Amino acid sequence: MHEVDLENKIGTVDQLSHNIWPPSSVNYKYWPKNPLDYREVNEEYTRQIKMLSEKIMEWLSKGLGLQGEAVKEVMSEYMMLVNYYPPCPHPDLIQGLDPHTDVNGFTLVLPNEVPGLQVFKDDHWIDLKHIPSAIIVIIGDQILRLSNGRYKNVLHKTTVDKERTRMSWPVLVRPTYDTVVGPFPELTSQDDPPKFKPIAYKDYIYHKFSKLPIVHLDS
Ligand SMILES: O=C(O)CCC(=O)C(=O)O
Ligand SMILES: [Fe+2]
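Residues numbered from 1 in each chain as written. Chains lettered and ligands numbered in written order. Predicted model: local features only at pLDDT ≥ 70, side-chain atom pairs only at ≥ 80, totals over all residues. Heavy atoms only, no water.

As recorded in an unreviewed UniProt entry, the protein chain goes by the name Fe2OG dioxygenase domain-containing protein, listed as coming from Arabis alpina.

Printed below as a string of structure tokens:
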């Protein structure tokens, strides 16, 4: 007999990912060949999403009292992710993505009409309502670290639907692997010391996914 641990649901999702910006990071080998207009539509989406991201980064920078380019100088790469959550007769046992915070800077999620994204706030999981054409902005680990904790990364997870296929197309805005990310020096002082140790983005990823401790200076 197969025993299922009801506390820990099993996650199920098919994922495809490829870089979309800058052009030097793009390798069309990883892009789907079907549908035929995938590349053209994706390139137009990239142009639009880049404009939106740059606006958001300007607002994030100014919200910290910094010049408008500050965040953009750190987050220069864009990756497209396609999440495919097949229908599942047992959404009580199976979920989509396990609870996580995004490792990158921030993520712009475009979901299809099937709801399923949940965020953790005030000790509760909250269902996000589907709003047609709305893009969901999720703050990830690197914006938390850059802002010295002023912008919070968001714990989130996804559920699956009994009958309908859920899909989402998040774009991950992120530093290059070699970029060292730590709090902006302008945001720290003797009264407000750095909460995070600067670390290359690739090393941060390695530590996070191998579950090694990441040094938080306040712990
Ligand atoms: O499917 C979603 O709505 C969110 C996906 C997500 O959190 C992720 O890909 O990191
Ligand atoms: Fe996520």
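Visitor: Explanation requested: the coordination of the iron ion (ligand 2) in the structure shown.
Guide: Within the protein, His100 (NE2), Asp102 (OD) and His156 (NE2) serve as the donor atoms for the iron ion (ligand 2), at 2.1 to 2.2 Å. Look at where the donors of the iron ion (ligand 2) fall in the sequence and you get H-x1-D-x53-H. Owing to a relative accessible area of 10%, aspartate 102 belongs among the buried residues under this scheme. (Donors = N, O, S within 2.8 Å, 3.2 Å for Na, K, Ca; no water. Buried < 20%, exposed > 50% of the residue type's maximum accessible area, 1.4 Å probe, protein only.)

Visitor: What am I meant to see in the nonpolar core here?
Guide: One broad rule of soluble globular proteins: the nonpolar side chains tend to lie buried together. In terms of nonpolar packing, the biggest core is built from 28 residues, with Met75, Ile143 and Phe184 touching the most fellow members. Going through the elements one at a time, helix H1 (38-63), helix H2 (70-74), strand E3 (77-85), strand E5 (106-111), helix H3 (141-146) and strand E10 (166-174) are the ones with two or more residues in this core. If you tally residues by element for this core, the top one is H1, at five residues. Here phenylalanine 184 is in contact with Leu64, Leu66, Ala70, Val71, Val74 and Leu146, once residues within four sequence places are set aside. Listed in part, the six residues of the second largest apolar core include Ile199, Tyr201, Ile205 and Ile214. (Core = buried A, V, L, I, M, F, W, Y, C linked by side-chain atoms within 4.5 Å. Helix = DSSP H or I, 4+ residues; strand = E, 2+ residues; numbered from the N terminus. Contact = heavy atoms within 4.5 Å.)

Visitor: Is there a simple way to explain the sheet that holds strand E6 (residues 117-121) in this structure?
Guide: Strand pairing in a sheet relies on backbone hydrogen bonds, with the paired strands running either antiparallel or parallel. Strand order in the open sheet formed by three strands is E7-E6-E9, with antiparallel pairing between adjacent strands. Looking along the sheet, the strands with just one partner apiece sit at the ends: strand E7 (124-127) and strand E9 (156-158). Strand-to-strand, the axes of this sheet are offset by a mean angle of 30°, without reference to chain direction. Taken together, the four bridges between E6 and E7 define a ladder with antiparallel strand orientation. Its bridge partner lying in E7, glutamine 118 is registered against aspartate 127. (Pairing = 2+ DSSP bridges. Axes fitted to C-alpha atoms, helices over the stretch in contact; angles between N-to-C directions.)

Visitor: Help me understand unusual backbone geometry, please; the structure alone is not making it clear to me.
Guide: A cis amide bond links tryptophan 21 with the next residue in sequence, proline 22, at an omega value of 0°. Following the sequence through the fold, proline 22 ends up in the loop between strand E2 (14-21) and H1. Going from asparagine 34 to proline 35, the amide bond is cis rather than trans, its omega being -10°. Residue position: proline 35 is located in the loop between E2 and H1. Its identity is not glycine, yet aspartate 122 carries a phi of approximately 50°, on the positive side. Position of aspartate 122 among the secondary structure elements: in the loop between E6 and E7.

Visitor: It is not clear to me how the site of ligand 1 should be interpreted in this structure. Could you clarify?
Guide: Every one of the 13 residues lining ligand 1 counts as a neighbour, but Asn83, Tyr85, His156, Arg166 and Ser168 are closest to it. Between ligand 1 and arginine 166 there is a distance of 2.9 Å, counted from an oxygen atom to a side-chain nitrogen or oxygen. In the environment of ligand 1, an oxygen atom lies 2.7 Å from a nitrogen or oxygen atom belonging to the side chain of serine 168. Notes on ligand 1: free accessible area 300 Å², of which the protein chains cover 95%. The site holding ligand 1 turns out to be the largest pocket. (Near = heavy atom within 4 Å. Polar contact = N/O pair within 3.5 Å; in protein donor to acceptor, adjacent residues only side chain to side chain. Areas by Shrake-Rupley, 256 points an atom, 1.4 Å probe, with all protein chains shown as cover. 1 Å grid on protein atoms, 1.4 Å probe; cavity = no way out; pocket = protein on both sides within 12 Å on 5 of 7 lines; lining within 4 Å. Sits in = over half its atoms within 2 Å of the grid points.)

Visitor: Is there a simple way to think about the UniProt feature "domain: Fe2OG dioxygenase" (unreviewed entry) in the protein chain in this case?
Guide: Sequence positions flagged by UniProt for "domain: Fe2OG dioxygenase" (unreviewed entry) are, in local numbering, residues 75-175. The straight-line gap between the two end C-alpha atoms of residues 75-175 is 4 Å; of that span, 6% is helix and 42% is strand. (UniProt positions renumbered as here; feature names shortened; annotations may be inferred.)

Visitor: Can you help me understand the packing of aromatic side chains in this one?
Guide: The description of an aromatic ring pair rests on the distance of the ring centres and on the angle between the ring planes. One pass over the full model with this rule turns up four aromatic pairs. Between tyrosine 28 and tryptophan 31, the aromatic rings sit 4.9 Å apart at their centres with planes inclined by 65°, giving edge-to-face as the arrangement. According to the relative accessible area criterion, tyrosine 28 is partly exposed, its value standing at 33%. Tryptophan 31 sits in the buried class, given a relative accessible area of 5%. Counting every residue linked through ring pairs, the aromatic cluster contains Tyr28, Trp31 and Tyr38. One cation-aromatic arrangement involves arginine 39 over tyrosine 28; the distance from NZ or CZ to the ring centre is 3.7 Å. Across the ring face of tryptophan 125, the terminal group of lysine 157 is positioned such that the distance to the ring centre comes to 4.5 Å. (Phe/Tyr/Trp six-rings, centres within 6.5 Å; stacked < 30°, edge-to-face > 60°. Lys NZ or Arg CZ within 6 Å of the ring centre and 35° of its normal.)

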